[in-house]
Every structure is written in structure tokens, then in C-alpha cells.
Amino acid sequence: MSVLVAVRTFPALTVSTPRLLVRALTGDDAKEVAPVFSDRTTRRWLPFGAEFAPIDGLDWCTDDAQERRDSGAGDHLGIVRREDDRLIGSLWTKRTDWAGRVTELCVALAPEARGFGLAAEAVIAVSFALIVEHGFQRLEFRVAPGNAAARRVAEKAGFSYEGVLRNAGDVQGARADLEIWSLVAADLR
């Protein structure tokens, strides 16, 4: 007996704020994305390898993004600063559960774009689109304890702290606890 499983593709997202445009990544973004992920501070908190070479940037923007989108698992998006049309970061979704209408958001910004509230602004815009336009019921943001910047993004974006997931993630190749933050559809009412 064969069982058919419906696979949903992740919704195409383009959202804008007065300062930002969040859109799908393209191959042309690879040279600007690679330095975001090769930054020492970014690498400290993410499960990527020690080096994030330009070819990895190209994969992130094209093949990896398309595979994630097509499988329904999530998407890779670029964060573009409107004032100079420069890609300053990436926001991605993962661990999408279509039955529960839940997905996890992650964000990384270029060093020169940090400290201006841009990450929270991008997270707010994408969160609103996912909940209001695409029917998601719960969004999660996972933060390695000690990552104060990510915690501030979660707080500014309106996410609620729920607790610690023990041994739930990988940070620089080692298992780590992760704080879990959430935003649910009822929070927008």
C-alpha cells in the first residue's frame, strides 16, 4: 500500500518596511551574503563551519534556498537596506511544520548594520506576513544562552520567552542549550 504525502512549498515572501526590503535571495547576492556568515560574531552563534566561503554563499542563495523552499521546510531571504539598496543580512526559516502551521525564524546581519534595530524590524515584518497573510499560528526564535543580541531581537520583535530547550542545538560544532521564544497568532490581536 502506498501513501501519498502532500508537500507544501514555502510561500514566496517579499515584505517591506520604511527602511528595509526582505526578499528572496538570488545568485547575485552571494558576494554580499558570504561576509555576513564569515563574520566572527555570527559564526560564534550559528551551526556553520569555521569558514563560510563565497561558494557557500552562492549555495545559500541558490541551491540551498530552492531546496528548502521546494521541500516546504522554509526559505532563505535577503535583508536589503532601502537607502542604498545594499544587502545587509539574511533571514531564514526552518523546521516548518505544516500541520501545526509553525516555523522557526533565524537572522544574521553584517557587522556594520548591527545596533540599529534592523534585525528586529525584518523579523517583525516577516512574522506579520507569515501569520496574517499565510496563516501560520506559531513562530519560534531559538537563541543560544549568552547571545544577548539575538535575545534583544526576539524581545523587540514581540516574541515571548518560554524557557530553555536542553541540548537542543549545535553551536560551533558542539551541542548547546537553546532558549525558545515564540510569537503566536493571538499575540497580534
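Everything below is about the structure printed above this text.
Residues numbered from 1 in each chain as written. Predicted model: local features only at pLDDT ≥ 70, side-chain atom pairs only at ≥ 80, totals over all residues. Heavy atoms only, no water.

A. Seen up close, the side chain of Ser182. Structurally, Ser182 can be placed in strand E8 (residues 174–184). A relative accessible area of 4% means that Ser182 is categorised as buried. Within the local environment of Ser182, its side chain forms a polar contact with the side chain of Glu162, the two groups lying 2.6 Å apart. (Helix = DSSP H or I, 4+ residues; strand = E, 2+ residues; numbered from the N terminus. Buried < 20%, exposed > 50% of the residue type's maximum accessible area, 1.4 Å probe, protein only. Polar contact = N/O pair within 3.5 Å; in protein donor to acceptor, adjacent residues only side chain to side chain.)

B. The nonpolar core, seen in detail. Core analysis: the biggest nonpolar cluster contains 36 residues, and Ile79, Leu91, Val123, Val126, Phe141 and Phe159 have the highest contact counts within it. Those elements giving two or more residues to this core turn out to be strand E2 (20–24), strand E3 (75–81), strand E4 (86–97), strand E5 (102–109), helix H5 (118–133), strand E6 (138–143), helix H6 (148–156) and E8. Counting residues per element, this core draws most heavily on H5, which supplies 10 residues. Each residue touching Phe159, except ones within four places of it in the same chain, is listed here: Val123, Ser127, Leu139, Glu140, Phe141, Ala154, Trp181, Ser182 and Leu183. If you look at the next biggest cluster of nonpolar residues, it comprises 13 residues, including Val36, Cys61, Val80 and Ala108. (Core = buried A, V, L, I, M, F, W, Y, C linked by side-chain atoms within 4.5 Å. Contact = heavy atoms within 4.5 Å.)

C. The arrangement of the packing of aromatic side chains in detail. Considering all chains together, one arrives at 8 aromatic pairs under this definition. Summarising the aromatic geometry, the rings of Phe10 and Phe136 are spaced 5.8 Å apart at their centres and angled 40° between planes, so their arrangement reads as tilted. Within this pair, whereas Phe10 is found in the segment before strand E1 (15–16), its partner Phe136 is found in the loop between H5 and E6, the two being separated by 126 residues in sequence. When its relative accessible area of 0% is taken as the criterion, Phe136 is described as buried. (Phe/Tyr/Trp six-rings, centres within 6.5 Å; stacked < 30°, edge-to-face > 60°.)

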